[in-house]
Amino acid sequence: LPKGATKIGKYSMTREELDAALTALPKIIRPKDAFQGQGTNSKIVFESSYKVLGHPVPLYVYFTPVVSESGAIVLHVSELSAGTLKLPVSDALKMIKLQQLPDYIAINSKKGKVTLNIQSMKNEKGITARAQSLDLVNDRIEFDIYKTIN
């Protein structure tokens, strides 16, 4: 969390509300790319497509979300496929890592994980969040909200 951040509240959401947020997220992170996200009973799925020999090939990435002690959201890649082919996770993450991503997204291709350091995201209002729970099975998604007061 930024220095001087004070907890000002808590935010809870349902899996349905998470789906709405995941639908909006691609437009924020990578507006030029067409990908969609959604939450299932136990995973977060990102879906996209790319062209191979002029034909669209669907790309699916399945993540198991975990909250770290720092309040970051750690997405462990459980499966990655292009069409019907399973892809090596480490190789695909290495390619994604080459893309220009926001500084709060860290990719560890060797461990097969993507870390969203939401507690480090900056905005002009000085508001940040820290994940507390991302329990998709029990539909319990909670964040603490902080404001930096100077």
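Above this note sits the structure.
Residues numbered from 1 in each chain as written. Predicted model: local features only at pLDDT ≥ 70, side-chain atom pairs only at ≥ 80, totals over all residues. Heavy atoms only, no water.

Peer 1: Whenever I open this one, the sheet that holds strand β10 (residues 140–148) confuses me. Can you help?
Peer 2: Spatially, β1-β10-β9 is the arrangement adopted by the three strands of the open sheet, whose pairing is antiparallel. Lying at the two open borders of the sheet, with one neighbouring strand each, are β1 (5–13) and β9 (127–135). Averaged over all neighbouring strand pairs, the angle between strand axes comes to 20°, with direction disregarded. In this structure, β9 lies alongside β10, joined through eight bridges in antiparallel fashion. The residue bridging Arg130 from the neighbouring strand is Asp144, located in β10. (Pairing = 2+ DSSP bridges. Helix = DSSP H or I, 4+ residues; strand = E, 2+ residues; numbered from the N terminus. Axes fitted to C-alpha atoms, helices over the stretch in contact; angles between N-to-C directions.)

Peer 1: Explain the pattern of salt bridges here, please?
Peer 2: Two side chains bearing opposite charge may form a pair once their charged atoms approach each other closely. This structure, assessed with the given rule, holds four salt bridges. Linking Arg140 and Glu142 is a salt bridge whose minimum nitrogen-to-oxygen distance equals 3.4 Å. When its relative accessible area of 43% is taken as the criterion, Arg140 is described as partly exposed. Judged by its relative accessible area of 17%, Glu142 is buried. (Salt bridge = Lys/Arg side-chain N within 4 Å of Asp/Glu carboxyl O. Buried < 20%, exposed > 50% of the residue type's maximum accessible area, 1.4 Å probe, protein only.)

Peer 1: In this structure, what is going on with the environment of Val137? I would like to understand it.
Peer 2: Mapping Val137 onto the fold places it in the loop between β9 and β10. The exposure class of Val137 is exposed, given its relative accessible area of 60%. Considering only alpha carbons, one finds Val137 and Pro88, 49 residues apart in sequence, at a separation of 27 Å. Those residues within four positions of Val137 in sequence are excluded, and the remaining contacts are Arg15, Asn41 and Ser42. (Contact = heavy atoms within 4.5 Å.)

Peer 1: Can you help me understand the pairing of strand β4 (residues 55–67) in this one?
Peer 2: Pairing between strand β3 (residues 44–52) and β4: nine bridges, direction antiparallel. Counted as the bridge partner of Val52 is His55 from β4. Where β3 hands over to β4, the hairpin turn is made up of two residues, of which Leu53 adopts a positive phi near 55°.

Peer 1: Help me understand the nonpolar core in this model?
Peer 2: Considering soluble globular proteins, one finds that nonpolar side chains tend to be buried as a cluster. The biggest cluster of nonpolar side chains holds 25 residues, and the ones touching the most others in it are Ile44, Phe63, Ile73, Val114 and Phe143. Counting residues per element, this core draws most heavily on strand β5 (residues 73–82), at four residues. Not counting the four nearest positions on each side in its chain, Ile73 is found in contact with Val66, Val114, Thr115, Leu116, Ile118, Ala131, Leu134 and Phe143. (Core = buried A, V, L, I, M, F, W, Y, C linked by side-chain atoms within 4.5 Å.)

Peer 1: Help me understand the environment of Asn138 in this model?
Peer 2: Here Asn138 lies in the loop between β9 and β10. Considering only alpha carbons, one finds Asn138 and Met121, 17 residues apart in sequence, at a separation of 27 Å.

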